[in-house]
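Residue-level structural notes
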Amino acid sequence: MAAPVLRWGCRGRRWALACVDGGSCYRRGPPTGSTCDRIRGQSSVAQQPLHTAQKPRKGEHKWAAVVGLEIHAQISSNSKLFSGSQVHFSAPPNSLVSFFDASLPGTLPVLNRRCVEAAVMTGLALNCHINKKSLFDRKHYFYADLPAGYQITQQRLPIAVNGSLTYGISAGKERGQVIPKRVRVKQIQLEQDSGKSLHDDLRSQTLIDLNRAEGQLRVDANISVHHPGQPLGVRTEVKNLNSIRFLAKAIDYEIQRQISELENGGEILNETRSFHEKLGCTVSMRDKEAKQDYRFMPEPNLPPLLLYDATSLPTGADPQQVINIDQIRETLPELPSVTRERLVQQYGMLPEHSFTLLNEVGLLEFFQNVIKETRAEPKKVTSWVLNIFLGYLKQENLAVSESPVTPSVLAELLDLLDSRTISSSAAKQVFEELWKREGKTPGQIVSEKQLELMQDRGALEQFCYSVMKDHPQVVMDVKKGNSRAINKLIGLVRKATLNRADPAMIKEILEKQLSTFCGMCEEHARLLHRYTHGSVICSLPSHHLYLAFLSMLSPPNSPPTTVPPLFPTDRRGCVMFPSLCP
């Protein structure tokens, strides 16, 4: 029951999906019946798609929503907040319960130092003001999973106040544009967790588990809507949301429900609601019109919690007996916002790429280890880690720590690619082999499968010439100005070389050969040389010479010229040359 819980509240703010200026807005729309009507017996509406911001039609009014979040996060500690009982996920019910957890008479709370340090660290990370003096209170209410009849919390003077969380969303018109957002944090408080009710519908009974060590995060969302410039509306509270996805769905649904209720002449009740996960709607639980009196009072068994910084630390104080705010500040890791900014500045990656690296557990560390061991450019490493490596992980539903490809192995593969030992397609083939967990190195796989790039430029030039000779129509397209046609030639050369040729070198050779290539066979070229007595071959480009020869053989408005049998002719006796010139 006394599992340590960190609770903080976000001040009510205009919901990002319902803001008036530049964001999304809600406008009048016809209500739709919901399956939830049958559950709660009241009028409701199904969840409607959000309307994007635009000028309202005549007679329409925009709505703005205000959302406040109360977040309950369990602290990662070995023991509970006020007792020495262990905290262990999925332990048998009531197997980790001390006398204090069971609220036996005469037992006293003992504050867990680790939990206080975690609360201070959280406050610093959220830019809060840390109160050097905070108080504990008793919050009285009766419930079966609270055997003491009260809960120890921090109502009057919490440990941290007035914080903020800045984040960014990729929603700009330009690629890589991130719009900054800011959420205010009202306070952070240490709070004793209650027990857990286990409902047995088969036997119509409820059992209580006082372990309460589930390592989960729960959120209560307070939501209201109003017209801009008018007083805030009546709020409802949606309780015990245990995932970000359900939180977003519950907020979106409740905003639309309230708007539709008001648009149809109804009123919003100050009530507590729950979110029905399968139906995707909120359901009324109980009203809050009669405000519950929790009869807050100071906790008599806990003195004020005193914290210190470098300036107020008593001389000669035992470090084990005091908590130093500045010392905790020094142990803070680099915060995500700072890390994302550093990645963008240091490696030139797009902001959304930095978000992906941080959102996947262990991916940032993997990326940085690859960067340390490879000569490849950071942008190429980013592309491989986020596209190839992460794609394989998601395909097999693996964590980064379960990957068969280590950072050093990927770094070796990227070095082979960077040195042009292998092509990009060959590198992907090597990576596929590495994923099979056969214990081979990239170098061994390249050698066994003969994936090295061709180093003989002369041989590659011959491949390029043969491809152009065999595909005259593609060459003609290139000469007519079709810039994409050369890519087809590159693909044909790569196919002919079994993907062992460097595409950049292929393109260089093709461009050079295309500038002089006319498409004549050697036999026709010798005939042309003899026919013109070799007088113009040196003075004209080959493709111009070829055209001149054709016009000479068959001048305009004249019957076809009789040509030697070496030249193919059609039924009319016209010369049929494989001309590749524009």
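The structure displayed is predicted, hence computed values, not measured ones.

A closer look at the overall build of the chain
Summing up its helical and strand segments, the chain has 17 helices and 17 strands in all. The contacts in the chain between residues at least 6 apart in sequence include a share of 67% that link residues at least 24 apart. Carbon and sulfur atoms form 52% of the exposed surface of the chain, whose accessible area is close to 32000 Å².

Some words on the packing of helix α6 (residues 351–359) against helix α7 (residues 363–373)
Direction vectors running N to C along α6 and α7 enclose 110 degrees, while the axes themselves pass 6 Å from each other. Considering the angle they form, α6 stands roughly perpendicular to α7. Each of T356, L357 and L358 in α6 lies in contact with α7, whose residues at this interface are L363, L364 and F367. Split into classes, the residues belonging to the contact of α6 with α7 amount to five nonpolar, one polar and no charged.

A word on the environment of L104
Assignment of secondary structure puts L104 in the loop between β3 (64–74) and α2 (113–125). Placed 44 residues apart in sequence, L104 and A148 show a C-alpha to C-alpha distance of 8.3 Å.

Some points on α6
Those residues of α6 that fall on the buried side of the exposure criterion are P351, S354, F355 and L357. Projected down its long axis, α6 shows its buried positions confined to an angular sector of 165 degrees, all on one face. Looking at the packing, one finds that the buried side of α6 touches β8 (160–169), α5 (336–347), α7 and α8 (378–395).

Section: the pairing of β8
Both strand β4 (residues 129–130) and β8 contribute to a ladder of two bridges, which runs antiparallel. In the strand pairing of β8, H129 is matched with V161. As paired strands, β8 and strand β9 (residues 179–192) are joined by nine bridges and run antiparallel to one another. Its bridge partner being in β9, A160 is matched across the sheet by I188.

Considering the packing of aromatic side chains
Evaluated as defined, the whole model comprises eleven aromatic pairs. For the ring pair Y141 and Y294, a centre distance of 6.1 Å and an interplane angle of 80 degrees mean the geometry is edge-to-face. You can see Y141 sitting in the loop between β6 (137–140) and β7 (150–153) and its partner Y294 sitting in the loop between β15 (281–287) and β16 (297–298), a full 153 residues away along the chain. Centre to centre, the rings of Y392 and W435 are 5.1 Å apart; their planes meet at 55 degrees, and the pair counts as tilted.

Considering unusual backbone geometry
The backbone phi angle of N397 is positive, close to 55 degrees, even though this residue is not glycine. Relative to the elements of secondary structure, N397 occurs in the loop between α8 and α9 (407–418). A positive phi angle, near 60 degrees, is found at R420, a position not held by glycine. Relative to the elements of secondary structure, R420 occurs in the loop between α9 and α10 (424–434).

Parameters at a glance
- Residues numbered from 1 in each chain as written.
- Predicted model: local features only at pLDDT ≥ 70, side-chain atom pairs only at ≥ 80, totals over all residues.
- Heavy atoms only, no water.
- Helix = DSSP H or I, 4+ residues; strand = E, 2+ residues; numbered from the N terminus.
- Contact = heavy atoms within 4.5 Å.
- Areas by Shrake-Rupley, 256 points an atom, 1.4 Å probe, with all protein chains shown as cover.
- Axes fitted to C-alpha atoms, helices over the stretch in contact; angles between N-to-C directions.
- Parallel < 35°, antiparallel > 145°, perpendicular 65-115°, else oblique.
- Nonpolar A, V, L, I, M, F, W, Y, C, P; charged D, E, K, R; others polar.
- Buried < 20%, exposed > 50% of the residue type's maximum accessible area, 1.4 Å probe, protein only.
- Arc of directions from axis to C-beta.
- Pairing = 2+ DSSP bridges.
- Phe/Tyr/Trp six-rings, centres within 6.5 Å; stacked < 30°, edge-to-face > 60°.

Distances and angles like these do not, on their own, reveal function.
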